[in-house]
Structure formats: structure tokens, C-alpha cells
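# A look at the structure
Residue strings, one per chain:
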Amino acid sequence: MDLNERIPNNVNLANDKKLQRALEKWLPNYIDWWREMGPDGFQEKDVWLRTAVDVGSEGWAHFDYVKMPDYRWGIFLEPPVPDAKVGFGDNYGRPAYQEVPGEFRNALRRIIVTQGDTEPASVEQQRQLGKTCPSLYDMRNLFQVNVEEGRHLWAMVYLLHGYFGRDGRDEADALLERRSGNPDKPRILEAFNQPCDDWLNFFAFTMFTDRDGKYQLSALAESGFEPLARTCQFMLTEEAHHMFVGDTGLGRVVRRTTQLMKEGDVRELGGIPLDIIQKYINFWFSYSLDLFGGEISSNSADFFAAGLKGRYKEQSQYTDHSAANEHFTMMVVEDGRLQSREVPLRNALNELLRTEYVKDCEKGLARWNKILTEAGAIERLYLPNPRFHRHVGEFAGHNFDLHGNLISKDEFELHRSEWLPTVEDREYVRSLMHPVTEPGKIANWIAPPAAGIKGKPFEFEYVRL
Amino acid sequence: MINFQTAPDQYHHWKLNIDGSVATLSMDVSEDDTLNEGYKLKLNSYDLGVDIELADAIQRLRFEHPQVRVVVVTSLKPRIFCAGANIYMLGTSSHAFKVNFCKFTNETRCAIEDDSRHSGRRYLAALNGTASGGGYELAIACDEIYLVDDGNSAVSLPEVPLLGVLPGTGGLTRLVDKRRIRRDRADVFSTLAEGLKGKRAKEWGLIDDSFPTSKFQEGIDARVEQILQNEAEPVRGIKLNPIGVEQTDDSRNYKFVKVQLHRDQRYADLTIQAPEGDQPNTTEAIEKLGDSYWPLRAFRELDDAILHLRVNEPLVGLVCLRAKGNADAVLAIDKMLAANRKHWLVREILANMARVLRRVDLTAKSFFAIVEPGSCFAGNLLELLLASDRSYMLNDPEAGETSLAVSELNEGAFPMSNGLTRMQSRFLADPEKLAKVFGDQKKFDVEEAEELGLITFAPDELDWEDEVRVAIEERTSLSPDALTGMEASLRFAGPETMDTKIYGRLTAWQNWIFQRPNAVGEHGALTNYGKPTKAQFDYKRT
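Thresholds applied
- Residues numbered from 1 in each chain as written.
- Chains lettered and ligands numbered in written order.
- Predicted model: local features only at pLDDT ≥ 70, side-chain atom pairs only at ≥ 80, totals over all residues.
- Helix = DSSP H or I, 4+ residues; strand = E, 2+ residues; numbered from the N terminus.
- Rg over C-alpha atoms; globule rule 2.2 N^0.38 Å.
- Buried ≥ 20, exposed ≤ 12 C-beta atoms within 10 Å, placed from the backbone.
- Contact = placed C-beta atoms within 7 Å.
- Pairing = 2+ DSSP bridges.
- Right-handed = clockwise from strand over helix to strand, strands pointing away.
- Domains from an automatic or database assignment.
- Nonpolar A, V, L, I, M, F, W, Y, C, P; charged D, E, K, R; others polar.
- Axes fitted to C-alpha atoms, helices over the stretch in contact; angles between N-to-C directions.
- Parallel < 35°, antiparallel > 145°, perpendicular 65-115°, else oblique.
- Left-handed = near helix turned anticlockwise from the far one by under 90°.
- Core = buried A, V, L, I, M, F, W, Y, C linked by C-beta atoms within 7 Å.
- Arc of directions from axis to C-beta.
- pLDDT = per-residue confidence, 0-100.
- Expected span 1.5 Å × (residues − 1).

## A closer look at the overall build of chain A
When helices and strands are counted, chain A shows 13 helices and seven strands. On C-alpha atoms alone, chain A measures out to a radius of gyration of 22 Å, which is about the 23 Å that the 2.2 N^0.38 rule sets for 465 residues. Considered along the principal axes of its C-alpha atoms, chain A spans approximately 65 × 60 × 40 Å.

## Remarks on the overall build of chain B
Looking only at helices and strands, chain B has 22 helices and 21 strands in total. For 542 residues, the compact-globule formula gives about 24 Å, and the C-alpha radius of gyration of chain B, at 24 Å, lands near that figure. Taken over the C-alpha atoms alone, chain B extends approximately 75 × 55 × 45 Å along its principal axes. Burial status across chain B gives 50% buried among its 542 residues. Taking all contacts inside chain B whose residues are at least 6 apart in sequence as the whole, residues at least 24 apart take part in 73%.

## Side note on the pairing of strand β18 (residues 366-371) of chain B
All names here are of chain B. Where burial is concerned, most of β18 is hidden: six out of the six residues are buried. In β18, alternate side chains face the same way, and those of S366, F368 and I370 on one face and F367, A369 and V371 on the other are all buried. Examined bridge by bridge, strand β17 (residues 318-324) and β18 share four bridges and lie parallel to one another. Paired with L318 across the two strands is S366, which belongs to β18. Taken together, the four bridges between β18 and strand β19 (residues 390-393) define a ladder with parallel strand orientation. Its bridge partner lying in β19, F368 is registered against R390. Read as a crossover between parallel neighbours, the route from β18 over helix α14 (residues 382-387) to β19 is right-handed.

## Topic: the domain arrangement of chain B
Residue and element names in this part refer to chain B. Taken domain by domain, chain B consists of domain 1 (8-228) and domain 2 (248-485). The C-alpha-based centres of domain 1 and domain 2 are spaced at 33 Å. Across the boundary between the two partners, domain 1 contributes 11 residues, which contact 10 residues of domain 2. Listing elements by their share of the side of domain 1 that touches domain 2, those giving two or more residues are α1 (48-64) and α3 (95-119). In terms of residues, the side of domain 1 that touches domain 2 owes the most to one element, α3, which gives eight residues. For the side of domain 1 that touches domain 2, the residue count by class is four nonpolar, three polar and four charged.

## Side note on the interface of chain B and chain A
Facing the 12 residues of chain B at the interface are 10 residues of chain A. Classifying every residue of the side of chain B that touches chain A gives five nonpolar, one polar and six charged.

## Quick notes on the sheet that holds strand β13 (residues 246-247) of chain B
All names here are of chain B. Taken together, the seven strands give an open sheet; going across it, the order is β13-β14-β15-β16-β17-β18-β19, and neighbouring strands pair in mixed fashion. Lying at the two open borders of the sheet, with one neighbouring strand each, are β13 and β19. Lying over the sheet, helix α11 (residues 294-312) contacts β14 (251-253), β15 (257-262), β16 (267-273) and β17, oriented at roughly 20° with respect to β15.

## Observations regarding the pairing of strand β1 (residues 14-19) of chain B
Strand direction decides the pairing type here: β1(B) and strand β2 (residues 22-27) of chain B, joined by six bridges, are antiparallel. Note that in β2(B) the partner of N17(B) across the bridge is T24(B).

## Quick word on the packing of α3(B) against helix α20 (residues 498-513) of chain B
All names here are of chain B. Two elements in contact, α3 and α20, have axes whose closest approach is 11 Å; the angle formed by their N-to-C orientations is 155°. With respect to α20, the element α3 is oriented roughly antiparallel. Read as a crossing pair, α3 and α20 show a hand that is right-handed. Contacts between α3 and α20 involve V99, C102, K103, N106 and C110 from the first element and D499, I502, Y503, T507, Q510 and N511 from the second.

## Quick word on the sheet that holds β1(B)
Residue and element names in this part refer to chain B. With mixed pairing, six strands are arranged side by side in an open sheet as β1-β2-β4-β7-β9-β12. Among the strands making up the open sheet, the edge pair consists of β1 and β12 (209-212). Taken pair by pair, the neighbouring strands of this sheet meet at an average axis angle of 20°, ignoring direction. The pairing of strand β4 (residues 70-75) with strand β7 (residues 122-127) spans four bridges and is parallel.

## Concerning the nonpolar core
Residues A204(A), F377(B) and A378(B) are the most contacted members of the largest nonpolar core, which totals 193 residues. With 16 residues, helix α4 (residues 136-163) of chain A is the largest single contributor of residues to this core. Leaving out residues up to four positions away in the same chain, A204(A) has contacts with G246(A), L250(A), Y280(A), I281(A) and W284(A).

## Concerning the packing of helix α3 (residues 105-125) of chain A against helix α5 (residues 165-175) of chain A
All names here are of chain A. Orientation of α3 relative to α5, taken along the N-to-C sense of each, is 25°, at an axis distance of 10 Å. The orientation of α3 relative to α5 falls into the category roughly parallel. The element α3 and its partner α5 pack so that their crossing is right-handed. Seen from α3, the contacting residues are R109, V113, G116, D117 and P120; seen from α5, they are D167, G168, E171 and L175.

## Structural notes on helix α7 (residues 183-190) of chain B
Structurally, the α-helix is built with 3.6 residues per turn, so residues lying three or four positions apart point the same way. Residues and elements named next belong to chain B. For α7, the set of buried residues is A186, F189 and S190. Down the axis, α7 shows its buried residues gathered within 90° of arc, on one side only. Seen from the buried face of α7, the exposed residues on the opposite side, beyond 90 degrees, are D184 and V188. Residues of α7 that are buried make contact with α5 (159-163), α6 (171-177) and β11 (196-197).

## Let's talk about the confidence of the model for chain B
Considering every residue of chain B, the mean pLDDT works out to 95; 99% of them sit at 70 or more. Listed scores for the predicted complex are pTM 0.87 and ipTM 0.80.

## A word on α4(A)
The end-to-end C-alpha distance of α4(A), which contains 28 residues, comes to 40 Å, matching closely the 40 Å that a straight helix rising 1.5 Å per residue would cover. Among the 28 residues of α4(A), 28 are classified as buried, and the element is accordingly described as predominantly covered.

Below, the structure written as C-alpha cells:
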């Protein structure tokens, strides 16, 4: 097959025999995976999708109808910066790594595999959602997110194929073999094994979990391994849309709920009450915080020292790129109570990145609360304390309330149904999920968007069923 | 730079005297001819320079004086045989140097035993005076030990009580393994600084006999005569000429061995070249060719290159081995050697090759064998691949034939320290593989080699460059100490022998003790040796 024709790219695929050989074998497996695990029931439908055919402002957002298996997943890296240097860590100022330094091969491979594993995982988690879409507009957004997660998988696979030899090819194959939620071959990170089977979950996922992706990609976009940095820089342009889907999606749910609150009992009127929305926030926010890794981490220190993974906006936010002698104060549980501890900054970089993430999430909450304020509601949505409901890091194994107070397990269990979605909550939300596929129509539990896509109106036939 | 090449007319510390079937190797250490500043070699104590000469003498006995049946090892210093390794030298040396020093001296003592075992030369230690520490360890490497009974001279291993370290040249192991001395007596002996004299030493088996001063020479002569009763081969030796070497800043090139150093990347490429042109096909022709015969010359060069890398290039942590040339030429050599292995020179050549290969096994550097088209890892050179920690073989059918080949020499001519062949050690789990490897096929292409488990990785042409580069970078980034320990643990699977115990156990313990404050700390025993202050120990046992 003519791979160069089929795969839009700016990595000189036409002349890269190694990459061609690897992709020739991997591509059919990928298409098989997509057909088996991609959106269920809509593979042969025309979807109005954005395809990146170039990295320039003209090329990266090319819109047209396409059947998803025919989507032109491409390989794009930001154009190289001449004379790039390692921007932080112990090798600061040295020429950026254009090849994988043998010393860091295993660490880099692990970083790339972990990131890469999340991309197909989310497609798998979301594969049934098309059947219950609240509108064609939302269905199209779902599929856009899905194909782009697929492309992000390609981006990571490109790195594995291009730079990690046989081990890399094996890892790329394994990315297609693991399955979200499958106990025998689960995805690597726990948030990606959680079911995402209703649209409230989907919006919360794209709001909170994809936002973790933004921060991980930002930290990797600083990498001294230049192909990784340039790959992640381009991925970030696409990631923005995913968070837009989550942020505005939840906002539209909030808007509709406020309307129904004025009309009467939200539940009776077929809307999603604020307390359920809050519980979904609590659930996905806390699972997404786990994705940043342990608060005190030797990996974070090693990755930073080696120049592999930087801080958020390392170049624009910081002047000291060594971070070797600084400290970071954080709360930890010691002797059964919360105490502050000073740890070397390099060991606290996961926590630092998490702090940036939390700030970003708060902006989303402010937007939703503005909707509530404008509607005259006194209720407010909020983020739980980052210690709440954690399964990774210092706070795993301890119990905290929504304000971050250390409490007993019994006390936590007593309040669990107030704080986290119950089976009944989930069933209720699921009971609302009926497909609305007529152009211009929308489900009762969500408000329509303020605008359509790329100048098209909301009524546009985004998916031809 | 330390030079491992020498010759009897350049010796400072030894006299080698040949009288028919008897060689006398006399130690007469010149105090001031030291390898480094800061110590004097009093009382026939030695440093690496002294041992390089000893190793050379043993090598020359085997090749240049094959008619010799008995070697008397003695001293020209009155009432002193040898006081062992120089303590001040050890005190002022870096850890790495101490380790390499001990390793080389161990190899030299094993070479004495190798000569005795394979070539039947009998080594008599004629202790005309006290043999302490390394002095007694030299004696115990000989087949028989005779001590002068002058009421004063003793044999001793005073390292533990006096220096807080171990006798590092096989002494402890040989007491119980070679001389089979009871462990409780060995325990007493090894903690008794002044050692044991004639009668008791004989009773305990530390020596074979003792003679009064006036009868000492007579006693030795009589024993020599007795040994010579057995008939000897009337053979004439060959000359071991210096092996020429061209040294530049980043290379060291011999006729068949080329070393390219990449110091900034902490590795070296070592390439050994197969023989070219006509090779002798009779033993007479081999004798005529002497030391320029490929298997002798190439392996002497390899030996020197390995020793050079060990001692003079401590930063080089990885050696990438390549064999270049015609594999059939290598196999033809093996065929010739195998057919004539009873001939004295062929036997010595094979024994030398085996020793050099064991030197590779025992080198604290990583080895990767790199197999590309035009390579000749066949027969004796295949041993280098098997000695390597890993091997990478290019899988590219278009680049030309790349194969491995075995010869019958791989089946036993080059035993490792553990007494097994490298092939046996490799296939411990799967001895049936040996039958396949040594079946009729003999030659294996890359896929067969991978399938059989002869190689580690077989990247194809697209992956090759990257895989090898990354493997090198990755290897040289790891802790050199951990790698040394790991490699030494993995290389010698299977049974233990006296040699493996000496290198793997005694040496490892010694290297640990050499690092401990009780030896080398401010108040350590080695630090305080010869000073008015007494050692102070941290008495906690580990």
C-alpha cells in the first residue's frame, strides 16, 4: 500500500523505510482494532470531521464528511526549532536529544507507552456512547474526540516505531492488545478502566481526564527528547477541542438543570439534579488527580534530571531550570494525622503539575457557577479537596471528606452515597440517555450549544445516519 | 602506562636459569624498581611489576623451554623467600588498581597450576626463608613446598591478624581445597601472624618437607632428581618475540588485533583478524613459524590488549568484540590444532588460548559481540562471542553471508574457570542443544543461530544501527560496580572449582573488605600498618 499517500505526515514517511516497514504491519492491526473497539454502530456513517493534513494553520483543521475507518490518521510533529537545547535538568543547555539516548531508553519508552495507552483506552471506554447521543452535534463531537484519540495513539506509535526498534514495535502492538476494563489485560492507568457509558460521564471525562492529558502533554512538550517534544506540542492543539467538549458539555447540562429548577423538580422533569452532577465531578476529578502519580516521586525526579519531562510551561514560567536545590512543602499523612513535609522540589514535580491542573479545573467550575449565578440559583458546584477519594500517592489508603479532613473509613462509608455517584444515580442518569438524532433537536436533559461547528449551525447534519 | 610485555633480559626482580630439564626461578626483588612512587619493595615484597615478570617467565618456560620438567621457585635474598604484596603499595593504590593487581596475580598463580596440570611441569617452592602472605600464596600455587628449617623461617598468612584484610591471592581457598588442610587448622594458621615453622608446618600439611639450612640445597636437588626419573620429551622451544604494537591516543593496534577507544563514550571496539594466506599443515611447519603462527600471535595480542584495557583504560566499561575475515581459515587452523593437540607446541598454544579466553571471562568490563557480514566468529573465535555478555547479529540477507561456526575445539579445548566449556555453560538448561550445535551442520546462519540460542539479538538492517548504538549507550550508563558484580555472577553458571572460588568468592570478599573502614578507614588496620597507632575496629558483624 502507498503509506505516504494514505497517511498524511510531515515526518518524511516516503523515505523512511524503517517506519514504513513498521507501519505496514501495524496499520492493518490498528484498523482491525478500530473496527472492533471504535464507536459501535456508526463505522459506515459519514461524519463531518476535522482532519489534520498539515501542521500549518490551513492544514491542521480540514473539515469534511468521512467514514471513520477511512479517516486519514496522520503523523504530525511541530516543525523543528533550529539549535534546540535540553531545557531543564542536569543536561540543561546541551543539544536536545535527536535520538533516544541509550541511558534513558527504558524511562522514555515507559513515558511514551503510558501516555500512548490512554489514547485507545478512552476510545474503548466511549464506544457505546453514539447510541445515546443527545444530538447529532454531540455525536459528531464524540466521534471527533475518538478519531483524534486514535491519532494521538498514532503519534505515540510513531515514536515507538521510529526510535525504539524491535522493543518499540512490540510495545506498539501491545497498545492494541490491552483493553479498557478487561481484568485480564487492562489499560495501564486506572481512570482508563472506569466505565464511561453515559454522556454525563463522557463530559466529565473530557473535562477532567482529558485535561490531565493536556498537562502531561505540556510537560512532555518541554522534553529534551525533541521528537517527543514536537509530537506533544502538536497534540496539544487537538487536545483543546476535547476539553472544550467536556467543559461546554457540562456547562450545557448545568444550564438545562437551572432552567428545569425554575420549572419544578428537576428529577421529575427528566433533568439531572445538581447533586448528581456534583457527585460526577467528585468522581472524575479524584480519579484524574491519580493520573499525575505519587506526590513524592523518584520517577519525577529522574525524568526531570534526565531532561525527559519538564514542568508545565517550563520555559516561560521558570528561570531556574535546574530545580535541584529547591524544596516544596506539601501535606502528608504521618502518625495518623496530616502534617506538612518539605520534600526536594524534583521529587514533588507530580504534585506541582497537579497543582497547575487544579487551577485550570477551577476555571471550568467558575464558568459553570456563572451559569448558576446568572440563572439566580444559590447553589454552587465545587471541586473536592485533592486529598478526597485518592487511589494513588500519599493519600491512597486514607479517607478524607470533601474538604480534605482526615476521617475514618466508617465515616467515609457513611457519606459515600452523598459524595460519589451511587448505583441508583448512575441508573437514573442512564435512564435519561435516549438518542436524539434529528438535525436541530436536542435531548431534554441538556441545553443546545451556543454555536455549531466551524460556522455551521446547530441544525447542520453533522452525522448522516 | 603500565606495560605488560617484558623478557628475561629486562627483568628487574627475577632470574630465570635453565639447566637442562631444570629451571630455577629466583626472586630477587630490586627495592627501588617500583611501578609507582611512594614505596620500596623491601624483603622481596612485590608490586604488579614484579608479577608481570613472573607471568612472563612462566609463559616462556612453556614456549621457549619445553624440555624443562621441574621449576624450582626460590629466592636469592638470604633468609627471606617472599614477604608478599607490598603493603605500602596497597595502601597508596586506588581501589580499582588493587582489584586489578589482585586479579592479575591470581591469574599468574593459576597459570602455574595450569602449566603443571596440562604440561606436566612440576613446580617446587624452595623456601629458603620466610614466606609470608603472598609469599606463601606463591608457594602454595606450586606443586610441592619445601621450607628451610633454621629455627626461624616460617610460612604464614598474616593478613587477617595483621592487616585486617584477606590473603587475596587464593591462599585461603588453596589451604582447604588444594592442600586439603582441615578447616580448624586452617583457621588457626590464618589468624597466627607469625605463622608456623618446619615441623608443625609439615605436620599440618602446610609444607611437604623441611630441611636444615646446611642440607637445604641438597634436599631440593634430591627431590628434583627424583622427579626427573620420569622420562622427558626431548624438544626444543620456540622464541617468544615482543609483539609489536602501535599506540596512538585513541587506538592500540597489533598485527591481528585492533583496539579503537571511544573514551568519551566509555567503550572500545576490539577487532580480531582471521589468519590470511597459507597456514602450516605440519607440526614441523608450526614450530618453524613459532610465535608468528596465527593462533599464538593473535591470542598473545588479545591478551595484551585485554590487560591494557583493564589497567590502563579504567574508564572503558564496555568492549565491543568483532572478528573479521575468513571463517574457513579460522576453522582450518582449528582442524590443524585439534589433529595435533598432543604435540607439545600445539598443546601450549591451545592452553594459552584457553588462558586468554579465561582472562576475558574474568575481566571487569562488559563485552558485546557484534556479528556483521564478513565476520568470522568460528571455532576458536566463536569462544569470544560465547564469552561475551551479549551478542548482536545483523539479520540482513542482502548484506552478504553472516554466520557462526563451531569446530571441535569448542567441545573442550577452552574450558572456563568453572571447568565447563562456554557452550556447556550456555546450555546448562538444555544439554540436548549441545548435540545440535555439534552435529553435522557446523555452520549457522543468523536465523539458525537465534533459534539455537547462540546469539542474543538479531536486529535487521533497519534496526541494526540504532539497536547497537542504544545498547552501547545504555550499558555504559549503568553503575560500573553493579555491572561488575552482575556479570561475574552471570558468567560462571554451573559447578564451582578452586578457580571459581578464588575469583568469585575470595576475591569478591577481599574487594569488599578493601572498601571497609576496618581496613582502609582512618583507624583501619591497613591504614595503620607500620604506624605507631593501633587499628580500631567497628566490631559489629554484618
